[in-house]
Amino acid sequence: MARTVKGGTDARRERWKGHREARRAEFVEATIRAVAQHGPDVGMDEIAAEAGVSKPVLYRHFADKSDLYLAVGQRGTEMLMERLGPAIGLDGPIRTRIKRIVDAYLSVIEEHPNLYRFVVRKSFTDRPVEQDVVTEDKTMIANALARLLGDYLRAFGMDSGGAEPWAHALVGMVQNAGDWWLDRQSMTRASLSGYLTEIIWHALDGLLRSAGVELDPDAPLVADFSADEPRLRLVDAEEA
């Protein structure tokens, strides 16, 4: 008599689940390639052809086009944060850090302009989607920046209550400038990064000076602001 291995059904279920997740990931990557080739108005026929399967096969792994759109949007978020995360986390002079973060964002939309438009426009979906990928991305980036700004403001003995709205304002500015740049392409990415960096730095500089702090934007910032040489100089309010 055949023996039943305990947990065998669960093991098969997990293997099947892993297979389906792997296939979904393959189809998401195929969709991204199809979007790059055919543009943000790509259709399911082009996606199926790129994936090397029929449309019914795609629909076995995604409930509908909106389900596929959300999966692609989530993959786009991963691609964005793979570039932005290290840029936000690395130490260095404040102006260098600003430029690194701005340029990291612009580099992603420059390399994947059709994917960016595909996600932002939402024209691919065949029903309203409850999840707003673009808003979630902006919130995720703004939260990371707010933590960074808050840490520095507290280190300078300043009120950090404004860190969150400032972070959201900065993210909105860079995104809108990026949208304009993708459509116009009237300057290089390096030029746009430089312009945005100067705007952001001078806004922060004005904020610091209002609290009597003058900071060299090109001097290395250390994590321990209680060190003997924190590379900043306090100034009187009148001098600021």
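Residues numbered from 1 in each chain as written. Predicted model: local features only at pLDDT ≥ 70, side-chain atom pairs only at ≥ 80, totals over all residues. Heavy atoms only, no water.

Draft legend 1. Inspection of the overall build of the protein chain at higher detail. Of the regular secondary structure elements, the protein chain holds nine helices and two strands. Looking at the protein chain as a whole, 42% of its 240 residues qualify as buried. Residue pairs at least 24 apart in sequence account for 64% of intrachain contacts in the protein chain once pairs closer than 6 positions are excluded. Entry remark: accessible area of the protein chain is about 13500 Å², with carbon and sulfur atoms responsible for 52%. (Helix = DSSP H or I, 4+ residues; strand = E, 2+ residues; numbered from the N terminus. Buried < 20%, exposed > 50% of the residue type's maximum accessible area, 1.4 Å probe, protein only. Contact = heavy atoms within 4.5 Å. Areas by Shrake-Rupley, 256 points an atom, 1.4 Å probe, with all protein chains shown as cover.)

Draft legend 2. Examining the pattern of salt bridges more closely. Applying the stated rule across the entire model yields 18 salt bridges. A salt bridge links E78 to R75, with the nearest nitrogen and oxygen atoms 3.1 Å apart. Here E78 and its partner R75 are both found in helix 4 (residues 65–89), three residues apart, which amounts to about one turn of the helix. With relative accessibility at 44%, the residue E78 sits in the partly exposed group. Close ionic contact of K122 with D132 constitutes a salt bridge, the shortest N to O distance being 3.5 Å. (Salt bridge = Lys/Arg side-chain N within 4 Å of Asp/Glu carboxyl O.)

Draft legend 3. Broad picture of the environment of G85. Along the chain, G85 falls in helix 4. Relative accessible area serves as the criterion here: at 30%, G85 is assigned to the partly exposed category. In the structure, G85 is positioned 19 residues away from A104 in sequence and 9.2 Å away in space, judged by C-alpha atoms.

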